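Chain residues, written in single-letter form:
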Amino acid sequence: MREPTWLKNLKSSPTNIVKLLVDSTDCSATANQQLGFELNQDEQIQLSNIKSNDYKVFYKGIKSILEQRSFTGWRTTGHTGLDVQIFAKGPGKELFKGHLDNTDITKKIFSLLGQK
């Protein structure tokens, strides 16, 4: 099932998860613990097929799993001080009009999900 609520279970950032995976002897167990959910068989295979200690390769794999589970896009790996446009459609889209602080965006998303 594709739902943004998968993100609520994350124990740390994707970047930190990758750091732990590169040094891990059991990638599936580490990923399960850090992601806050059990990887399905396809996800375990995807992770086990990574034969590299390259952070970028692991990041791409974790990002892909999160995107598929949450139906979101992890498109950048860095931030700038520039304002960015936010687009929303569907129920609650009116909450995302105008200038918003980045921390308010998260609060609004979780309020729509019925979470704090």
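One can find the structure itself at the top, above this paragraph.
Not measured: the values here are computed from a predicted model.

**Q** Please clarify how the overall build of the protein should be interpreted in this entry.
**A** When helices and strands are tallied, the protein shows five helices and zero strands. For the protein, the α and β elements follow one another from N to C terminus as α-α-α-α-α. Buried positions account for 27% of the 116 residues belonging to the protein. A separation of at least 24 residues holds for 48% of the contacts in the protein among residues at least 6 apart in sequence. As presented, the protein carries roughly 8400 Å² of accessible surface, and 52% of it is formed by carbon and sulfur atoms.

**Q** Got a minute to help me understand helix α4 (residues 55–70) in this structure?
**A** In an α-helix, one full turn covers 3.6 residues, which means residues spaced three or four apart are oriented alike. Across its 16 residues, α4 extends 22 Å between first and last C-alpha, which sits within 8% of the 22 Å expected from 1.5 Å per residue. Along α4, the positions that sit buried rather than exposed are F58, Y59, G61, I62, K63, I65, L66, E67, R69 and S70. Elements that come into contact with the buried residues of α4 comprise α1 (14–22), α2 (27–35) and α3 (41–48).

**Q** Looking at this structure, how should I read α2?
**A** What α2 keeps buried is the set T30, A31, N32, Q34 and L35. Looking at the buried residues of α2, the elements they touch are α1, α3 and α4.

**Q** When you look at the environment of N102 in this model, what are you seeing that I'm missing?
**A** Mapped onto the elements of the fold, N102 is located in helix α5 (residues 102–112). Along the sequence, N102 and D83 sit 19 residues apart, while their C-alpha atoms lie 9.4 Å from each other.

**Q** What's the story with the packing of α1 against α4 in this structure? I'm lost.
**A** What describes two packed helices is the angle between their axes and the distance between those same axes. Two elements in contact, α1 and α4, have axes separated by 9 Å at closest approach and are oriented at 125°. What the angle tells us is that α1 and α4 run oblique. Two packed elements cross with a definite hand, and for α1 against α4 that hand is right-handed. Together, P14, T15, I17, V18, K19, L21 and V22 of α1 and Y55, F58, Y59, I62 and L66 of α4 make up the contact between the two elements. Per-class residue counts for the contact of α1 with α4 are ten nonpolar, one polar and one charged.

**Q** I'm lost on the pattern of salt bridges in this one. Help?
**A** Side chains carrying opposite charge are able to pair once their charged atoms draw close together. The full count for this structure, using the stated rule, is two salt bridges. R69 is the salt-bridge partner of E43, the closest N and O atoms lying 2.8 Å from each other. Of the two residues, E43 is situated in helix α3 and R69 in helix α4; the sequence distance between them amounts to 26 residues. The two residues E43 and R69 agree in class, both being buried.

**Q** Any chance you could explain the nonpolar core here in plain terms?
**A** Generally speaking, nonpolar side chains in soluble globular proteins are found buried as a group. Ranked by internal contacts, the top residues of the largest apolar core, which has 15 residues, are L21, L35, L39, L47, F58 and I62. At the level of elements, α1, α2 and α4 are the ones that each hand at least two residues to this core. Counting residues per element, this core draws most heavily on α4, at five residues. When neighbours within four sequence positions are excluded, F58 is seen to be in contact with V18, L21, V22, C27, L47, I50 and S52.

How each quantity is defined
Residues numbered from 1 in each chain as written. Predicted model: local features only at pLDDT ≥ 70, side-chain atom pairs only at ≥ 80, totals over all residues. Heavy atoms only, no water. Helix = DSSP H or I, 4+ residues; strand = E, 2+ residues; numbered from the N terminus. Buried < 20%, exposed > 50% of the residue type's maximum accessible area, 1.4 Å probe, protein only. Contact = heavy atoms within 4.5 Å. Areas by Shrake-Rupley, 256 points an atom, 1.4 Å probe, with all protein chains shown as cover. Expected span 1.5 Å × (residues − 1). Axes fitted to C-alpha atoms, helices over the stretch in contact; angles between N-to-C directions. Parallel < 35°, antiparallel > 145°, perpendicular 65-115°, else oblique. Left-handed = near helix turned anticlockwise from the far one by under 90°. Nonpolar A, V, L, I, M, F, W, Y, C, P; charged D, E, K, R; others polar. Salt bridge = Lys/Arg side-chain N within 4 Å of Asp/Glu carboxyl O. Core = buried A, V, L, I, M, F, W, Y, C linked by side-chain atoms within 4.5 Å.

From the geometry alone we can't say anything about function, so treat these as descriptive.
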